[in-house]
Every structure is written in C-alpha cells, then in structure tokens.
Amino acid sequence: MCLLRTTPRPDLSAPHAGLRLQPAGRSDFYAGPVPETPEVPEIPKIPKIPEIDIGPLRAPMAGAVSGEAEMVAAEIDAACRRWGFFYVVGHGVDPALQERLDSLAREFFGRADEEKAEIALARGGRAWRGWFPVGGELTGGVPDNKEGLYFGAELGPGDPRVRAGTPLHGSNLFPRRPAELEAAVHQYMDAMTVVGEILLSGIALGLGLEPSWFAQQLTADPLILFRIFRYPALAGVDDGRWSVGEHTDYGLLTILAQDRSGGLQVRTPDGDEGDETTGAGSDPTGESWVEVTPRPGTFVCNLGDMLERLTGGRYRSTRHRVRNAGVGERLSFPFFFDPSWDAPVERLPIVERPSDDDAGRRWDRISVHGFEGTYGDYILAKVGKVFPELAARTLKE
Ligand SMILES: O=C(O)CCC(=O)C(=O)O
C-alpha cells in the first residue's frame, strides 16, 4: 500500500536531482527529584502534540517498504507540517543508559565551578567542546539561565577535518570526575545517531522519497552535536527571564530527552483544523505557546531550519523556548542530527510552490529560504552569535 507518494518522485540519479552529494564528508528517565511547581504564567496544557511510534521504521528497509512503515511516515509528515514537533516512542534506546547519563550529568554539574572549568569550552578551541557556566551562552543576544556541556562526534587529531581546522570538529573534553561520563556520552551519541537515521528515513518516506535519501544525499557524514544542559530554577517569579530565549534550531533534527521538570514551550499554529489549540493562549498572530510536557519513555523531536529550507516551508522549524519555573534544577539532553558540513542545502525538487518568505515571523528575522551555501556556512554564522567572544578568539582564520 502506498499512502504517500502523491508527489512525483525525483529521479535521484539525474544530476539536477535533489541535493548534491557532499564532497566529504525513558521508560523512566527521571533520576532527579521532582520539583514542585509554584504559580507560573498561564501556558495552555495541550496534550495533543503527536506521539509517534517509530518501531516499524526500525526494520531494515533495503527492499520493499512495509505498509506499517508507510503509515508511520504519514504520521511524521502530518506532525512536521502541523507542529514541527512530536514525541517519539518505540525508539529502542536503553532506558538504563539514559538513567546513567542523567545521574552522571547531575554529579558533574554538582561540582564546584573551578573544577568544571578544567574542561571549559575555551579549552576546546575550534572544536567547541566543553563546559560553560550559567549565563555563558546567549540566545538572541540575551544570556540564557543555564550551564552546559558541549559534545560532538569524537574525532582525533589525525582526522582530515581536524587537521584542516574545520570548526566544530575535534575531540571531546571530559571531566576527571565522574570518570564514567565519557563512556556514557559515547554510548548515548551512538544510540541517538541510530535514532536520527531512523527518523530521517521516515521523513524521507513522508516526503515521497526513498527511505535512504537523506543518508545518501545529505547525511552520509552527519554533523553530530550533543549537549547536556542544567537549568537552575527561576523560582516561579515571572520577571521576564527565560532559561533559553525563543529560537529555532539550525539543522535537520533535534532529539531531546528531558527530565520531569517541564518548562519547554513551543509556538504552535492556533485554530487550524479547529482542534485543540483553539483559543488557548492565542495572541494576535493567531499562534500559541504550549508546554511540551515531559512524557516518560519519549524523546521530543523538533525540526531545524534545514528541513524548512529543503521543503520550501512545507515543514516548519518551530520556535521554542524554555522556562524552568519550578523550584528544582532541570536537566535536558538535546542531540542534534544535522547535514554533513560540506553539503550544500538547497530546496528539494519535489517542492512545487514558491518558498515562503519567513523572515517576518522568524525570531532572528533572517529567512532560511534566502540561504545559499553549505550547512557548515549556515551553522557557523549562527553559532558565532551564541558565544561571540569565543567565536572571535577561536573561529578567526
Ligand atoms: O532544554 C530544552 O528543553 C531545549 C533546549 C533547546 O532549546 C535547544 O537546545 O535548542
């Protein structure tokens, strides 16, 4: 049964087709205490962000695509059009690994700043790996109320991209204590890379492409970035501060694990299809902020700018922000699965309508559709703004 291929499939062997090949390259995840949440500004609690079981996409798809996989792809397509956000279940990631990572991360963040600074981001050089203190990272020019650890694919000094000084590529910095964090981060990144590949196969199918389309054309050598964030409580007082200000993510997919504190909010279209968002928290733009409530055993997947760019706006890179209004700390684990550094990102040939000019509604007022270049160009221009001083010191040629 083919539910989805209403758009003509591009001939991916033709030279003009699609993106060019790049030249190079929980069941219970709730380890921490459950904070009580005092009075916070009203955000509608909407339980309808889709939850998608990607189990059927995990079966090998070398031959025929199963009807079940096609149906999952249709669900993903609908979620990407409407929300740009969805919960993922059936992902196959071991809950014990997640719990281990969570408790090791809490142990690390509990150490004194002087000790954490032994692996300060500045020591990671152009690779941008290591720890930054609360307030160290900016969103939209404003310091976030969070501290964090930056990791990425582990590349030794002999790797050609490291030798060439390619930004965001290199070795990770791991703390002396807890020493077990290193192995847990490596195992987690491996497991999440598989989840990213599975999700992209479903997204490809939903777009009417071969399941291997992204792997062949855009993510043969994906840019893998992984972060662990700790958000101190904002203690329930609405003083206008955000744990992370409004933004979109840069690449293809963010696959996020979060503890049970809550606080992630997503900007949603209001009232379309006359359903659950109608009237709740809407504003003159016709949109609403809704809470992405933590759900045991799930990841939250959201789309980045490159999927909006590829699909001419059929899929949205959804604005989101975080406010830890509880009385306890919040931990989150965003894993970013992005195009290869050298891959030019262009609109897919299957997109028939002109791309939207999205600059007016974007948090940064810069249209993704106007972007021409490689993914490396795109992300470099963005990350330079979140750590401006570090960028000035480490990313200058
Ligand atoms: O901590 C979260 O829930 C979201 C983090 C986030 O927005 C990001 O890393 O882009």
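**Section: the sheet that holds strand E12 (residues 299-303)**
For step 1, the next point in the chain: Across the sheet, which stays open at both edges, the eight strands sit in the order E1-E2-E12-E9-E14-E7-E6-E3 with mixed pairing between neighbours. Each end of this open sheet is capped by a strand with a single partner; those strands are strand E1 (51-53) and strand E3 (130-132). This sheet shows a mean twist of 25° between the axes of neighbouring strands, independent of strand direction.
For step 2, the next point in the chain: Across seven bridges, strand E7 (residues 223-231) lies against strand E14 (residues 330-338) in antiparallel orientation. Bridging across to E14, Ile224 finds its partner in Phe337.
For step 3, the next point in the chain: Packing against the sheet, helix H2 (residues 95-109) makes contact with strand E6 (147-152), E7, strand E9 (253-258) and E14, and its axis sits at approximately 115° to E14.
For step 4, the next point in the chain: Lying on the sheet, helix H5 (residues 181-206) is in contact with E6, E7, E9, E12 and E14; it crosses E9 at an angle near 130°.

**What to know about the pairing of E12**
For step 1, the next point in the chain: A large share of E12 lies buried, amounting to five of its five residues.
For step 2, the next point in the chain: In this sheet, E12 lies alongside strand E2 (residues 85-89) in antiparallel orientation, the contact comprising four bridges. Looking across to E12, one finds that Phe85 is bridged to Asn302.
For step 3, the next point in the chain: Across four bridges, the pairing between E9 and E12 is antiparallel. Residue pairing across strands places Leu256 opposite Val300, the latter belonging to E12.

**Remarks on the sheet that holds strand E8 (residues 244-247)**
For step 1, the next point in the chain: Spatial ordering of the open sheet is given by E8-E13-E10-E11, a layout of four strands whose pairing is antiparallel. The outermost strands of the open sheet, each flanked by one partner alone, are E8 and strand E11 (287-291). Each strand axis lies, on average, 20° off the axis of its neighbour in the sheet, ignoring direction.
For step 2, the next point in the chain: Pairing of strand E10 (residues 264-269) with strand E13 (residues 320-322), which is carried by three bridges, proceeds in the antiparallel orientation. Bridged to Val266 within E13 is His320.

**Considering unusual backbone geometry**
For step 1, the next point in the chain: The omega angle of the peptide bond from Arg177 to Pro178 is -5°, so this bond is cis rather than trans.
For step 2, the next point in the chain: Tracing the backbone shows Pro178 in the loop between helix H4 (160-163) and H5.
For step 3, the next point in the chain: Of note in this structure, Trp128 is not a glycine but carries a positive phi near 55°.
For step 4, the next point in the chain: Given 24 C-beta atoms within 10 Å, Trp128 falls into the buried group.
For step 5, the next point in the chain: Of note in the backbone geometry, Leu168 takes a positive phi value of approximately 65° without being a glycine.
For step 6, the next point in the chain: Position of Leu168 among the secondary structure elements: in the loop between H4 and H5.

The rules behind the values
- Residues numbered from 1 in each chain as written.
- Predicted model: local features only at pLDDT ≥ 70, side-chain atom pairs only at ≥ 80, totals over all residues.
- Pairing = 2+ DSSP bridges.
- Helix = DSSP H or I, 4+ residues; strand = E, 2+ residues; numbered from the N terminus.
- Axes fitted to C-alpha atoms, helices over the stretch in contact; angles between N-to-C directions.
- Contact = placed C-beta atoms within 7 Å.
- Buried ≥ 20, exposed ≤ 12 C-beta atoms within 10 Å, placed from the backbone.

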